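Coordinates in review
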Amino acid sequence: MSYCLNPHCSQPENNDNFKFCQTCGTKLFLKERYRAIKPIGQGGFGRTFLAVDEDKPSKPLCVIKQFFSQLQSINTVQKAIELFNQEAVQLDELGQHSQIPALLAYCHQDNRQYLVQEFIDGLNLYQDLQQNGALNEVQIRQLLNDLLPLLQFCHSKQVIHRDIKPENIIRRHSDRKLVIVDFGAAKSATGTALNRTGTTIGSPEYVAPKCGERQFSPVISTV
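Below, the structure is looked at part by part.

The rules behind each value
- Residues numbered from 1 in each chain as written.
- Predicted model: local features only at pLDDT ≥ 70, side-chain atom pairs only at ≥ 80, totals over all residues.
- Heavy atoms only, no water.
- Helix = DSSP H or I, 4+ residues; strand = E, 2+ residues; numbered from the N terminus.
- Polar contact = N/O pair within 3.5 Å; in protein donor to acceptor, adjacent residues only side chain to side chain.
- Phe/Tyr/Trp six-rings, centres within 6.5 Å; stacked < 30°, edge-to-face > 60°.
- Buried < 20%, exposed > 50% of the residue type's maximum accessible area, 1.4 Å probe, protein only.
- Pairing = 2+ DSSP bridges.

Here we look at the environment of aspartate 121
- Relative to the helices and strands, aspartate 121 resides in the loop between strand E8 (112–118) and strand E9 (122–124).
- In sequence terms aspartate 121 and serine 174 are 53 residues apart; their C-alpha atoms lie 7.8 Å from each other.

Examining helix H2 (residues 125–132)
- Capping the start of H2 is the job of one residue whose side-chain oxygen sits 3.0 Å from the backbone nitrogen of tyrosine 126: asparagine 124.
- Once H2 finishes, glycine 133 follows within two positions and takes phi at roughly 85°, a positive value.

Digging into the packing of aromatic side chains
- Taken as a whole, this structure holds one aromatic pair when the rule is applied.
- Here the aromatic rings of tyrosine 3 and phenylalanine 49 are separated by 5.9 Å at their centres, their planes lie at 45°, and the arrangement is tilted. Note that tyrosine 3 is positioned in strand E1 (residues 2–3) and phenylalanine 49 in strand E5 (residues 46–53), a separation of 46 residues in sequence. Just as tyrosine 3 is buried, phenylalanine 49 falls in that class too.

With respect to the sheet that holds strand E6 (residues 61–67)
- If you walk across this open sheet you meet the six strands as E3-E4-E5-E6-E8-E7, and the pairing is antiparallel. Edge positions in the sheet fall to strand E3 (29–30) and strand E7 (103–109), since each of these pairs with one other strand and no more.
- Here six bridges tie E6 to E8, and the two strands are oriented antiparallel to one another. Across the sheet, cysteine 62 pairs through a bridge with glutamate 118, a residue of E8.

Right, here's the structure in full:
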């Protein structure tokens, strides 16, 4: 099946041999290469799709993130655009690490912004906790041993993720390694950026208590 990327399409499901949506006529291939097959997430500023890279013989899975604004204020939309563009830059710089999804493409099509990234096959830690229960001390130590060097790598590149939570950490099936995803809220830690006050971005339940005194903006995310 191919899934139409037009957010206003009334019947987005199409046969996988079509190049254009049979309902609205929208191109079903992003950059003539990436074909969405089903939606896997949605937020106030976009959607995320599981997709196939039709340009490679093995037809590997990938993830398409689509940005589009709905009924939001101009300032909020501008900030969302900034964060979406920033996520592409961060992935391009950090994707060299095996535990961060690689950026495959960043483009505009039909007046919408897209980024395509590596698909990570596995459960996130929230799903894992739901299935298997709380971690014991040994498992927590193993988790930290795997995760902290990855965060150190990000910080060495002057990048702060700003939304570390179980939903954004996936345990990859192939090697059981932890992979950090969703860099939509990440920022560069240059100069005095770490000490600046102002709007805090992140998920409320995972933000440090001292941030509660600031104006809070939930992280802009599509998953």
